[in-house]
Amino acid sequence: MCGISGFLDPAPNPRLSEFSMLATRMADTLVSRGPDDNGVWVDQTHGIGLAHRRLSVIDLSPSGRQPMLSADERFVLVYNGELYNFQELRADLEAHGHIFRGNSDSEVLLEACAAWGIEQTVRRCLGMFAFGLWDRQEHCLTLVRDRIGIKPLYWARFGQVFLFGSELKALRAHPCFDARLDRDMVIPFLRYNYIPAPHSIYRDVYKLEPGCMLQLRTSHEPHITRYWDLNHVIQQGTEAPLQADDGQTRDQQTLDQLALDQLETLLSDAVQRRMVADVPLGAFLSGGIDSSTIVALMQQHSPRPIKTFTIGFQEAGRDESQYAQRIGRHLGTDHQTLVVEPSHASDLLPRLPDWYDEPFADTSQIPTCFVSHLARQEVTVSLSGDGGDELFAGYKRYIKAAQLWGRFSRLPRPVRAVLAQATGLLPPFLENVQSLAPKPLSRLVKHTHQLSRALSLDTADLHDRQLWRRWEDPARLVINADADGAQKSYLTHHTTPAVDIVSQMQFLDTLSYLPDNNLTKVDRASMGVSLEVRVPLLDHRIVEFTWTLPAHMKIRNGQGKWLLRQLLYKYVPRELVERPKQGFGVPLSGWLRGPLREWAEELLSEQALCQTGIFNSALVRQKWTEHIAGTSDWKRPLWNVLMFQAWHKQWM
């Protein structure tokens, strides 16, 4: 895993040293992504500079150094990622006479692009990647991001200067970067915890979306095409659903077994491919369905105990590390646990704005940072179970939405509107008498709000605006932001051939929440400590397979991830994993009232809020006062503001 950056500046500059120094400056911001080596390639005549920071994982020799020049000297590559089928691609190229200089997947990717063309190559690639390729003959720069968005890639154009990099900080290092805050994007940040692609926190700075390829010729506008489309995947899965090989109708038990066999074959292969490394390797093990399945299959392919890592908390009701320990013991892994104390969190907080150099506020970033740090003490590569909830309908909100939609969708919209208005009158009344019974009435207010909103929504709104809402009306909180302008970032403009509400929510989550939240969280936390994380469940073959499955193979008897659970039960007793899901829950409410209070008070003070000039300070202070008093639990909306304030303090 590595860090990449570069620029294309058509203005002629005869001083090679200046170009090299500029490319180096951009790459040096990414040193934690690649602490083992660095390299720069520039052509000042055509205004191109490419830079690379290397974390050596495959082929540790100098033959894997980047930027890398193709054998015919036409193409130059900077690449971040891993190709898990590079040996097959290499064999194909060798069969046609190509001679390789080293053993890296980087060289295979480069020579494949030279031999087959970029789009045909990436369609054949199995892996996670973000790369930049300069064509010296056509004077064309191409950027590519993997299908699911496991690896990040930002780009921007200021005047005639084009910039790109693995993180925003690399772009900021270029003197042409214009760090103008996009206030409109603060609204979706408060709604989702992240800023949805293709936008970023800066004006005119973008994320390259998953499955996309950007091409830029000197003095032309960037042209973006999509080489992998989730809509197309869903349509194909709908037209060719899972069935027996002979095409005959089978009973449910036979089809269940067929699906289970296919999933085990695909996932076992995906895991085995991701265990190839020339450095020590381990896995995150939370004790949940996803990570336990990955570790079980890893152990099947390993002659020695797999190193596994998890996080625990001292606070009662928050520590699930015991479950991970039991599963690790059952599977025979070499398991390690770190119990996180408030003092650990205090030490981590100053680093977060640097690692997450765009506002990011998923509270599970804290334990993810700690488990990454723990793993890095022993290994350079770790496998993770990310993606299971989106692919196999594991989130509780899917079941909740299906229940709500099932109850109200049959009602005509005018009827729903009247009921929504009637139930909408209750929360203000209940809030006025809330002092009589604070906690019960607080819950009633919350549920009445949800009922009122559910009655007035369509399916996209149910997912996009309500189940994710952190602030009741984030547009009111952001000063001088255009709510209509922010609307462009919302997910409601995406359409899908998926019919039922759960499939539509899975579609939206796979497009945005998965890459922009979950994968960003893991990428920044792991790369902050120079750890490569691989995600077998997000092998694109598995993603495509899940869209051929009928809904009852994902949710059955009110429980999600049915098929994935059946696979896990082959390796781990049901009683070890069947429990209410908690995930990496952080005892944030108490921490903000206790050990983190001083840090939070400094960022949420009237002076600090006015100095930032982004938020309605009265609304923020009200939530903070209520949280400190213990009358309400506002940890999640407050965490969004805290993370933005901390980011703004460092970067703006």
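Counting starts from 1 at the beginning of each chain's written sequence and moves along it residue by residue. Two thresholds apply to this predicted model, a pLDDT of at least 70 for residue-level local features and 80 or more for giving and counting side-chain atom pairs, whereas whole-chain, interface and lining totals are computed over all residues. With hydrogens and water stripped out, all remaining heavy atoms of the structure feed into the side-chain values.

> So, empty space enclosed by the protein: which residues are in play, and what are the values?
Using a 1 Å grid laid over the protein atoms alone, points where a 1.4 Å probe fits but cannot get out form a cavity; open sets with protein on both sides within 12 Å along at least 5 of 7 lines form a pocket; any residue with an atom within 4 Å of a point counts as lining. Grid points are joined across faces, edges and corners, and a volume is the space filled by probe spheres set on the points. The final tally for this structure, using the stated rule, is 7 cavities of 30 Å³ or more. Approximately 110 Å³ is the volume found for the largest cavity. Surrounding the largest cavity, 14 residues form its lining, Cys2, Leu55, Ile58, Asp105 and Ser106 being those nearest its centre. Taken together, the elements giving at least two residues each to the lining of the largest cavity come down to β5 (75–83) and α3 (105–116). Secondary structure elements follow DSSP: runs of H or I no shorter than four residues count as helices, runs of E no shorter than two count as strands, and numbering proceeds from the N terminus. Tallying contributions element by element places β5 first for the lining of the largest cavity, with 3 residues. In this count, Pro and Cys sit with the nonpolar residues alongside Ala, Val, Leu, Ile, Met, Phe, Trp and Tyr, while Asp, Glu, Lys and Arg are called charged and the others, Gly among them, polar. Its residues assigned to classes, the lining of the largest cavity shows 6 nonpolar, 5 polar and 3 charged. Surrounding the second largest cavity, Tyr154, Tyr194, Ile195, Lys207, Tyr356, Asp357, Glu358, Pro359, Phe360, Asp516, Thr520 and Arg524 form its lining.

> Give me the packing of aromatic side chains: which residues, what numbers.
Ring pairs shown here join Phe, Tyr and Trp side chains whose ring centres sit within 6.5 Å, with only the six-membered ring taken for Trp; geometry is labelled stacked below 30 degrees between planes, edge-to-face above 60, and tilted in between. Within the structure shown, the criterion is met by 17 aromatic pairs. For the pair Phe158 and Phe177, a centre-to-centre distance of 5.4 Å together with 75° between the ring planes defines the contact as edge-to-face. A residue pair is termed long-range when its members are at least 10 positions apart, and Phe158 in strand β8 (residues 154–158) and Phe177 in the loop between α5 (168–172) and α6 (186–192) qualify at 19 residues. Each of the two residues, Phe158 as well as Phe177, counts as buried. One aromatic cluster is present, built from ring pairs that chain together Phe158, Phe177, Phe189, Tyr202, Phe615, Phe644 and Trp647. Any Lys NZ or Arg CZ that is within 6 Å of a ring centre and within 35 degrees of that ring's normal is treated as a charge sitting over the ring. Over the ring of Trp547 we find Lys554; its NZ or CZ atom is 4.7 Å from the centre of that ring. Above the face of the Trp562 ring, Arg556 is positioned so that its terminal group lies 3.7 Å from the ring centre. Summary of the burial criterion: residues with accessible area below 20% of their type's maximum are buried, those above 50% are exposed, and those between are partly exposed, where the area comes from a 1.4 Å probe applied to protein chains only.

> Before we move on, can you summarise the environment of Ala618 with the specific residues and values?
As for its position among the elements, Ala618 is in helix α29 (residues 617–629). Considering only alpha carbons, one finds Ala618 and Glu606, 12 residues apart in sequence, at a separation of 8.3 Å.

> Break down the packing of helix α7 (residues 230–239) against helix α22 (residues 501–527) for me, with residues and values.
Axes, fitted as lines to C-alpha atoms, cover a helix only where it is in contact. Angles between the N-to-C directions of the axes lie from 0 to 180 degrees. Across the interface, α7 lies against α22 with an axial gap of 11 Å and an inter-helix angle of 150°. When the axes of α7 and α22 are compared, the pair comes out roughly antiparallel. Viewed along their axes, α7 and α22 form a crossing whose handedness is right-handed. Between α7 and α22, the contacting residues are Leu230, Asn231 and Ile234 on the first element and Phe507, Thr510 and Leu511 on the second. Across the contact of α7 with α22, the residue classes break down as 4 nonpolar, 2 polar and no charged. Any angle that falls under 35 degrees is termed roughly parallel, while one over 145 is termed roughly antiparallel, one within 65 to 115 roughly perpendicular, and all others oblique. If you view the pair so one helix is near and one far, a crossing is left-handed when the near helix is turned anticlockwise from the far one by less than a right angle, and right-handed when it is turned clockwise. We call two residues in contact whenever any of their non-hydrogen atoms come within 4.5 Å of each other.

> How would you sum up the pairing of strand β6 (residues 127–135)? Please name residues and give values.
A regular strand places its side chains so that they alternate between the two faces of the sheet. Across the 9 residues that make up β6, a large majority, 9, are buried. Residues Gly127, Phe129, Phe131, Leu133 and Asp135 of β6 are buried on one face, and the alternating residues Met128, Ala130, Gly132 and Trp134, pointing to the opposite face, are buried as well. By definition, two strands form a pair when at least two bridges between them are found by DSSP. Judged from the 9 bridges that link them, β5 and β6 form a sheet pairing that is antiparallel. In the sheet register, Asn80 faces β6, and the bridge partner there is Ala130. Pairing of β6 with strand β7 (residues 140–145), which is carried by 6 bridges, proceeds in the antiparallel orientation. From the neighbouring strand, Ala130 faces β7, where its bridge partner is Arg145. In this antiparallel pair of consecutive strands, β6 and β7, the connection spans 4 residues, and His139 shows a positive phi of 55°.

> Account for the packing of helix α27 (residues 597–604) against helix α30 (residues 635–651), with residues named and values stated.
Relative placement of two packed helices is described by the angle separating their axes and the distance separating the axes. Orientation of α27 relative to α30, taken along the N-to-C sense of each, is 70°, at an axis distance of 9 Å. Between α27 and α30, the interaxial angle falls into the category roughly perpendicular. Contact with α27, carried on its side by Trp599, Ala600, Glu602, Leu603 and Leu604, involves Leu638, Trp639, Val641, Leu642, Met643, Gln645, Ala646 and Lys649 of α30 and no other residues of that element. Residue classes in the contact of α27 with α30 are distributed as 10 nonpolar, 1 polar and 2 charged.

> Residues and numbers for the confidence of the model for the protein, please.
As a note on interpretation, predicted positions should not be read in detail where pLDDT is low. Looking at the protein as a whole, the pLDDT averages 89, with 85% of positions reaching at least 70. The quantity known as pLDDT measures the predictor's confidence residue by residue, on a range of 0 to 100. Throughout residues 433–441 the model reports pLDDT below 50, and contacts reaching past four residues in sequence, or to other chains, amount to 4 contacts.

> With reference to specific residues and values, describe the environment of Tyr154.
Assignment of secondary structure puts Tyr154 in strand β8. For the pair Tyr154 and Ser5, spaced 149 residues apart in sequence, the C-alpha to C-alpha distance is 9.2 Å. In this structure Tyr154 touches Leu163, Phe164, Gly165, Ser166, Glu167, Leu168, Leu171, Ser200, Tyr206, Lys207, Glu358 and Arg524, once residues within four positions along its chain are discounted. Polar contacts, as counted here, are pairs of nitrogen or oxygen atoms within 3.5 Å of one another; within protein the pair requires one atom able to donate a hydrogen and one able to accept it, and residues that are adjacent in sequence qualify only if both atoms are side-chain atoms. Engagement of the side chain of Tyr154 in a polar contact is seen with the side chain of Glu358, the distance being 3.4 Å.

> Give me the environment of Gly590: which residues, what numbers.
Along the chain, the position of Gly590 falls in helix α26 (residues 588–593). Taking the C-alpha atoms as reference points, Gly590 and Glu315, 275 residues apart in sequence, are found 9.5 Å from one another.

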